[in-house]
Amino acid sequence: MAVDLSRRAYRAQRWAARGALLAAALAVVFPLLYGGLQGLVLLLCGAVGLALSAAALWWTLTLRGPLRWVAALVAVCVPAAVIALSAVLLFWALPVSLALWVLAVWSGRFALRGTGSEQRERQRERRMPLPRRAVLIMNPRSGGGKVGRYRLREKAERLGARVVLLDPEKENDVTAMAREAVAGGADLLGAAGGDGTQALVAAVAAEHDIPFLVISAGTRNHFALDLGLDRGDPAACLNALSDGVELRVDLGFAGDQPFVNNASFGAYASIVQSPAYRNDKIGTSLEMLPDLLTGQQGARLVAHVGDTSLDNPQAVLVSNNPYRTDDPFGLGRRERLDTGVLGVLGVKVESAVDAAALLLDPSRGRLTNLTAPEVLIEGDRAEIEAGVDGEALLLPAPVLCRIAPGALRVRVPRKRPGVAQAPPRLNWRRLRKLAATVGRTAAPSRFRHHPEIPDLPGGQGPFLGR
């Protein structure tokens, strides 16, 4: 039986790897050759300017009064000056260098695509019977009134669902409403609202092992995005009632509080506690950040992640499955929701020097990126401020964050946009190996040493042609 991978495909990958390495080298060398000594000086100025901009941004966040505005001006003007100077001195060499970098990235990712470790199995979908007694809880205020604007109630009722509207004039116990619906015989629960509302209803659905329907009627709807739903058309989510499939995904908990997206601790969690935050987000943040970032206010946190302890970080973000961090266009996205681990991002910056070092080299301990099934957050107070799926809460210390693998059955439309596949991580070391050989190093790992695939003559690796 032939395998749909040929030596020609490996040859293309090898040459793409060589092209990526060559383009990257030219992207660095070409401006230096064109500009001579000026090009070298400009390269050093760029690095210094980047560090100075990061330091100025730190001063902008931690100072008050006129010094803050001076620092903000420096943070904006320095990179602008470096770009303008580069354009004058390097002229057309700068766009050529940028084009070479784009070519290097594209070629490198093409070369690494399909080499084994970058491939991920598609999340399993299951066809299940249609719900007979679906109950949907809708927040009419979420997303600036998307429930009314998209006529979600009317469309859901036409599909046979019972709709429970939250009362915008009073506090609503969403969990109690969901449990009452289950007691009344509901065989599916759904929520139209933000991630905070979704999490509360999802926890009840998981508790009773019944399907959960996500309707993207909130402002950002990160959970809906990572499920592959259409955030621009909440009504499309209702198609799951008539033509849907089920996914098994994980559910996070911060103490007893469920979350479908994340739980944050530290500076941001303290800011969202302020009553003024909802009406003036920027002003409130600028007022509170100087004291929070310098440790004059807020709890002193210690986060325990497996064998690692983060002492006094300014912020800790615990997510239901890890976020992408290797692709700037995929930041804030999760490729999968069924890995069974929490993502943990911790930031500790104590000075302008730390801020510059964080930007120039994030791997030197100021930014921590870990995964674990549990995270323990300790504080020097009886209660710790937390932002759980955007909701401001006070949680009893210490807070144990944990993940419940596969706890949630999510019903989604069979036809939906889907989760965008992340491009392969650009690994220059692997590219060098791939460029140097076309044998076993280049072959996808799932085809290596396969008993039914013979090797090429001369030990060149597996024959994958017809």
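Here the structure is shown first, and the text comes after it.
This section reports on the structure supplied with the text.

This part takes up the packing of aromatic side chains. Within the structure shown, the criterion is met by 1 aromatic pair. When the centroid spacing of 5.8 Å and the interplanar angle of 10° are considered together, the rings of Trp-106 and Phe-110 count as stacked. With Trp-106 and Phe-110 both in helix 4 (residues 93-112), this residue pair falls 4 residues apart, about one helical turn. Overall, Phe-110 belongs to the partly exposed group, its relative accessible area being 33%. It is Arg-402 that lies over the ring of Phe-253; its NZ or CZ is 4.3 Å from the centre.

Further remarks concern the packing of helix 1 (residues 7-35) against helix 2 (residues 37-62). Packing of helix 1 against helix 2 leaves a shortest axis separation of 5 Å and a crossing angle of 130°. Between helix 1 and helix 2, the angle falls in the class oblique. Between helix 1, through Pro-31, Leu-32 and Gly-35, and helix 2, the contact on the second element is made entirely by Leu-37, Gln-38, Gly-39, Leu-40 and Leu-43. Within the contact of helix 1 with helix 2, the residues separate by chemical class into 5 nonpolar, 3 polar and no charged.

For the coordinates displayed, the defined rule picks out 16 salt bridges. Among the ionic pairs, Glu-287 bridges to Arg-64, the shortest N-O distance being 3.9 Å. You can see Glu-287 sitting in helix 11 (residues 281-293) and its partner Arg-64 sitting in the loop between helix 2 and helix 3 (66-90), a full 223 residues away along the chain.

Turning to helix 1, a few remarks are in order. The terminal C-alpha atoms of helix 1 lie 42 Å apart, and with 29 residues this matches the ideal 42 Å at 1.5 Å per residue to within 8%. Within helix 1, the axis deviates most sharply at Val-29, by approximately 30°, and proline Pro-31 lies no more than four positions further along. Every buried residue belonging to helix 1 is among Tyr-10, Gln-13, Arg-14, Ala-16, Ala-17, Ala-20, Ala-23, Ala-24, Ala-27, Pro-31 and Gly-35, and all of these are buried. Considering only its buried residues, helix 1 is in contact with helix 2, helix 3, helix 4 and helix 13 (428-436). Positive backbone phi, at 60°, marks Gly-36, one or two positions downstream of helix 1.

As for its position among the elements, Leu-50 is in helix 2. On the basis of relative accessible area, Leu-50 is assigned to the partly exposed category, the value being 41%. Separated by 25 residues in the primary sequence, Leu-50 and Ala-75 place their C-alpha atoms 9.1 Å from one another. Residues contacting Leu-50, with those up to four places away along its chain left out, are Leu-359 and Leu-360.

Overall, antiparallel pairing links the 6 strands, which are arranged 12-11-10-7-14-15 in an open sheet. In this open sheet, the two strands that pair with only one neighbour each are strand 12 (367-372) and strand 15 (391-396). Here the average twist between neighbouring strands, direction ignored, is 25°. The sheet contact formed by strand 7 (residues 262-266) and strand 10 (residues 315-320) spans 5 bridges and is antiparallel. Note on strand 10: the bridge partner recorded for Ala-263 is Val-318.

Looking now at a nonpolar patch on the surface. Side chains of Leu-37, Leu-40, Val-41, Leu-43 and Leu-44 sit close together on the surface and give an oily, nonpolar patch of about 500 Å² of accessible area. Tracing the backbone shows Val-41 in helix 2. Judged by its relative accessible area of 43%, Val-41 falls in the partly exposed class.

If you look at the biggest cluster of nonpolar residues, it comprises 53 residues, and the most contacted ones within it are Leu-136, Leu-189 and Phe-223. When residues in this core are grouped by element, the largest group, 7 residues, is from helix 8 (residues 195-207). In this view, Leu-189 contacts Val-135, Ala-178, Ala-181, Val-182, Val-201, Val-204, Ala-205, Ile-210, Pro-211, Phe-212 and Leu-213; residues no more than four positions away in its chain are not counted.

What counts and how
- Residues numbered from 1 in each chain as written.
- Predicted model: local features only at pLDDT ≥ 70, side-chain atom pairs only at ≥ 80, totals over all residues.
- Heavy atoms only, no water.
- Phe/Tyr/Trp six-rings, centres within 6.5 Å; stacked < 30°, edge-to-face > 60°.
- Helix = DSSP H or I, 4+ residues; strand = E, 2+ residues; numbered from the N terminus.
- Buried < 20%, exposed > 50% of the residue type's maximum accessible area, 1.4 Å probe, protein only.
- Lys NZ or Arg CZ within 6 Å of the ring centre and 35° of its normal.
- Axes fitted to C-alpha atoms, helices over the stretch in contact; angles between N-to-C directions.
- Parallel < 35°, antiparallel > 145°, perpendicular 65-115°, else oblique.
- Contact = heavy atoms within 4.5 Å.
- Nonpolar A, V, L, I, M, F, W, Y, C, P; charged D, E, K, R; others polar.
- Salt bridge = Lys/Arg side-chain N within 4 Å of Asp/Glu carboxyl O.
- Expected span 1.5 Å × (residues − 1).
- Bend = angle between axes of the 7 residues up to and from the residue.
- Pairing = 2+ DSSP bridges.
- Patch = residues over 30% accessible without salt bridge, like charges linked within 9 Å, V, L, I, M, F, W, Y side chains within 5 Å.
- Areas by Shrake-Rupley, 256 points an atom, 1.4 Å probe, with all protein chains shown as cover.
- Core = buried A, V, L, I, M, F, W, Y, C linked by side-chain atoms within 4.5 Å.

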